[in-house]
Structures are given as C-alpha cells and as structure tokens.
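Given next are the chains, with one letter for each unit.
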Amino acid sequence: MNFLKKILAESGKLFDEGKPLSFAYPLWEATDTILFSTDSQNKSGPHIRDNMDIKRTMFFVVIALIPCYLFGAYNIGYLYSEAMGISSSVMNDFIIGMTYVLPILIITFIAGAICEISFAIIRKHEINEGFLVSCALIPLTMPPDVPLWQVFMGTSFGIIIGKEIFGGVGTNVFNPALTARAFMYFAFPTKISGDKVWAVGPDGYSGATALAIPANPVEYDTASNLFAASTQFDYSLTNMFWGLIPGSIGETNKLLILLGAIFLIYCGIASWRIMVSCVFGLVFTSVLFNLLSYLTVDGILQSGGTPNAMLTITPLQHILIGSFLFGTVFMATEPVTSSHTNTGRWIYGFLIGVLTVIIRSINPAYPEGVFLAILIMNMFAPLIDYYVVQSNIKMRLNRNV
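Criteria and cut-off values
Residues numbered from 1 in each chain as written. Predicted model: local features only at pLDDT ≥ 70, side-chain atom pairs only at ≥ 80, totals over all residues. Heavy atoms only, no water. Salt bridge = Lys/Arg side-chain N within 4 Å of Asp/Glu carboxyl O. Helix = DSSP H or I, 4+ residues; strand = E, 2+ residues; numbered from the N terminus. Buried < 20%, exposed > 50% of the residue type's maximum accessible area, 1.4 Å probe, protein only. Contact = heavy atoms within 4.5 Å. pLDDT = per-residue confidence, 0-100. Core = buried A, V, L, I, M, F, W, Y, C linked by side-chain atoms within 4.5 Å. Domains from an automatic or database assignment. Polar contact = N/O pair within 3.5 Å; in protein donor to acceptor, adjacent residues only side chain to side chain. Expected span 1.5 Å × (residues − 1). Patch = residues over 30% accessible without salt bridge, like charges linked within 9 Å, V, L, I, M, F, W, Y side chains within 5 Å. Areas by Shrake-Rupley, 256 points an atom, 1.4 Å probe, with all protein chains shown as cover.

### Observations concerning the pattern of salt bridges
Part 1: Applying the stated criterion to the full structure yields two salt bridges.
Part 2: The salt bridge involving Glu 116 is made with Lys 163; its shortest N-O contact spans 2.8 Å. Taken together, the residues span a long stretch of sequence, with Glu 116 in helix H4 (residues 90–123) and Lys 163 in the loop between helix H6 (148–162) and helix H7 (176–187) at a distance of 47 residues.
Part 3: The class for Glu 116 is buried, based on a relative accessible area of 1%.
Part 4: By relative accessible area, Lys 163 is classed as buried at 2%.
Part 5: The partner of Lys 163 in a salt bridge is Glu 164, with the nearest N and O atoms 3.8 Å apart. Here Lys 163 and Glu 164 have matching classes, each one buried.
Part 6: Beyond isolated ion pairs, a larger network of salt bridges with shared partners links Glu 116, Lys 163 and Glu 164.

If you want it as structure tokens, here you go:
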C-alpha cells in the first residue's frame, strides 16, 4: 500500500495548479481519498473532533441499504417464477432478479458520476461522496421494468436540480434521490404510476401494486376486504410485512427496512425522533380519515359519486403498503434536508406522516404520497428550525426577566 501511495503522490504533481492535468485535479483527489485517509486539515475554527466523518456516514448508509437490494432482487425473481407458474430455487430467483436490478444500478451510478465529476471540474472543488448514497437510493425507488434511459435522465435531474444547483453536498434544499423519483413520476407516469406498473417476464406480465388497488378499486365493501379483490397476489398483512408482493425494488420487505433503521440509529446517523413522529403523524391522520368515512353512506366517503377507498385504509395498512417505511427511514432522516433541532424533528416528521395520508387519500392519482410529502417538508425544515430556535430564545429571555 505504501508503494501505491507513493505512486499517487508522485502522479499528483501533474494535477497541481498550472500543470497540464490541473483541470482533472478532482479526479485525482477522489482516487486518493477513496484509497487513503485524507491528510488535509482545517486552517481555521471551529474544529469538531469526531470519528464519524462524511465518508463513514455515507458508507454506513450504503451498508444499511444492501439487504434491501438483495431481497429486492430475490423478490423480483420470486414473483417472476410465480407469474410464469414455474418452480425455482432461491438462488435462481435471485439471479433472475439481479438481471433487472444490476442494469438500473449501473446506469444510475454512471449518470451520477458524470454529473458529480463534471460539476467538480467546472467549479474546481473536490468530488463529494454524497452522490454515492443518492445513487444507491434511486434504484430502490424504481420498479424493475423501468427503461434504463429514463433512469439515466431521472438520476441526472436529481443530482443536478436536487443538489448541484444549490452548491453541492451540504447545501441542497431537496433530497436528490427524491427529486429524481419525483421527476420520473411526473415525466414518465406510465412507468412509475398507474394501475399496472409492475411488469417482469418475457410476456410483459403486469400486476397492480398494493397502493394501486385502493387508488383504482374495482369493487369492495370495507377496508378489511379491500385487498381481497386482487386475485394476482396475496396482499395479506403478513405478506406485505415480509415483502413478497410487487412494488419498488427496495420498498417491500418491512423487516429489513426496520433493521436498517435500528442500524442507522445505533450508528448515530439517522434521527429516531423523525422516524417515530412520521409514524405518529400517519396514524393520527389515517384514524381521522377512518372516522370520517363512517359519517357517509355505506361507510364510504363519497366524492362526486365515486367511492374513495383510500379513506378506509387502516393505519397498519398505510404503514405496510407502499414506500412509507422506506422513505421514513432512509430519506426523511437525511441530515442535510431535514430539521436539525430536536423539537423541529418532531414537527417535521409528524407533518410528513400527515401529508402522506392526505396525498394518498385526497389524490389517488398519486397514491405513493410519502416521497412528495418529504420533498414538501424539505422546503419547510429550515423554517421549522428557525421558529423553534426563536421560541427557545424568547423563553430564555423571559426566564431572565
């Protein structure tokens, strides 16, 4: 390793200012940082001494995402085998699923790297590791059959519009991965939303996701048999918890998401206050909507004569269907775009849960409300922190009077 470090040190002279390769200095610096710890030190205060730097933070988040990738690949292969009516081993299902997952992952990282490196060279600053986590999150929010050229465009939009135009890592207002997901939804709705958005297999076998059923109900009586109308997949609470259902690649297995939450909380990376308050907000709003549904004819709220099945979904069903838990654990808790005060985190998370149910219920055309809810609250997170700080200042001043 010392030999490699010496080669890097010697080659680094070619990238110094005024040298022929000075324009590509960010590339050399990124290579050196990935392979070895940086020798750079801050020249002015304040100084914060902590063993959890940006590189380790990003690395631990990626570790927490790996089980979601592995299960997502297996689930795609499993449902493929079920759809084709064939008996297949776990390994064979996993290999089938990886043929869908790997191309999406590779294209995402290619697009992200191009954007990050280009902006680093233009702005003459180091390449930040933040795009690695964004690129690790984006594929997990995609259906397995999404066209790769759309993935490239969505990732580029998320990195550039969601982060780079604000100055890069640490200065962005919106979560880049969510920005990419929102762009994909509004630019290519037939591939991300709708009644049949999950398709695998040579015959283009398609099926409705759990959220698409109440958003476009055929017939139902109450929330208890709302998902029973689906004859393609088993949408029981147990099956939705274990994740053997259609959905975005990383959203279905709730156990692995919860284990990832415990890992990130233990490492001090994610805020448990945001996670808990998101659940509180969702439960509060879904219970309220359940009560409202009982005030109408046949226990279902009417809107222009059309039943809104979303209002009858129970809190537990809201938690288990769609990407609520995935978004809560891995995206709502992003340290840059979320609230930074403890009180602000409670308010921020609670409103995400509230908005998730409102968007799902009031606008069934966009049944997966958690991503849009998080983006909206990204805008208000600084404002929430501002008023929390001002409230604390006012309280302390009044205490001294």
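### Here's the deal with the environment of Pro 139
Part 1: Mapping Pro 139 onto the fold places it in the loop between helix H5 (130–137) and H6.
Part 2: When its relative accessible area of 1% is taken as the criterion, Pro 139 is described as buried.
Part 3: Between the C-alpha atom of Pro 139 and that of Phe 109, which follows or precedes it by 30 residues, the distance is 9.6 Å.
Part 4: In this view, Pro 139 contacts Tyr 69, Ile 104, Leu 105, Thr 108 and Ile 249; residues no more than four positions away in its chain are not counted.

### Here we look at the confidence of the model for the chain
Residues shown with low pLDDT carry predicted positions that ought not to be read at fine detail.
Part 1: Looking at the chain, pLDDT values average 79 and 70% of them are 70 or higher.
Part 2: When mean pLDDT is compared element by element in the chain, helix H11 (residues 254–266) scores highest at 95, while strand E3 (residues 302–303) scores lowest at 45.
Part 3: Per-residue pLDDT stays below 50 along residues 299–306; that stretch engages in 18 contacts with residues further than four places along the chain or on separate chains.

### Re the nonpolar core
What tends to happen in soluble globular proteins is that the nonpolar side chains get buried as a cluster.
Part 1: Core analysis: the biggest nonpolar cluster contains 62 residues, and Phe 330 and Met 331 have the highest contact counts within it.
Part 2: The element contributing the most residues to this core is helix H16 (residues 369–400), with nine residues.
Part 3: When residues are assigned to domains, this core turns out to be shared by domain 2 (54–192) and domain 3 (212–245 + 271–392), each giving three or more.
Part 4: In this view, Met 331 contacts Leu 137, Thr 141, Asn 175, Ala 177, Leu 178, Phe 326, Phe 371 and Ile 374; residues no more than four positions away in its chain are not counted.
Part 5: Of all hydrophobic cores here, the second largest spans seven residues; its members include Tyr 235, Ile 245, Leu 320 and Ile 321.

### Notes on the side chain of Thr 179
Part 1: With respect to the helices and strands, the residue Thr 179 is situated in helix H7.
Part 2: Judged by its relative accessible area of 9%, Thr 179 falls in the buried class.
Part 3: The contacts of Thr 179, once residues within four sequence positions are left out, are Phe 157, Gly 158, Gly 162, Phe 174 and Leu 375.

### Here we look at the side chain of Asn 253
Part 1: Relative to the elements of secondary structure, Asn 253 occurs in the loop between helix H10 (237–242) and H11.
Part 2: The class of Asn 253 is buried, set by a relative accessible area of 6%.
Part 3: Of the polar contacts made by the side chain of Asn 253, one reaches the backbone nitrogen of Leu 255; its length is 3.1 Å.

### Observations concerning the environment of Ile 165
Part 1: Looking at where Ile 165 falls in the secondary structure, it is placed in the loop between H6 and H7.
Part 2: On a C-alpha basis, the gap between Ile 165 and Phe 119 in space is 9.6 Å, while along the polypeptide they are 46 residues apart.
Part 3: Beyond its immediate stretch of four places on either side in the chain, Ile 165 contacts Arg 123 and Ile 160.

### Quick notes on H7
Part 1: Given a rise of 1.5 Å per residue, 12 residues ought to cover 16 Å, and the 16 Å separating the end C-alpha atoms of H7 matches this to within 8%.
Part 2: Of all 12 residues making up H7, 10 are buried, and the element is well covered by its neighbours.
Part 3: Among the residues of H7, Pro 176, Ala 177, Leu 178, Thr 179, Ala 180, Arg 181, Ala 182, Phe 183, Met 184 and Tyr 185 are the ones counted as buried.
Part 4: Put simply, Asn 175 is the residue that caps the front of H7, since its side-chain oxygen is 2.9 Å from the backbone nitrogen of Ala 177.

### Here's the deal with a nonpolar patch on the surface
Part 1: Side chains of Leu 102, Ile 106, Ile 110, Ile 114, Trp 149, Phe 152 and Met 153 sit close together on the surface and give an oily, nonpolar patch of about 640 Å² of accessible area.
Part 2: For the nonpolar patch, the element with the highest residue contribution is H4, accounting for four residues.
Part 3: For Phe 152, the location among the structural elements is in helix H6.
Part 4: With relative accessibility at 33%, the residue Phe 152 sits in the partly exposed group.

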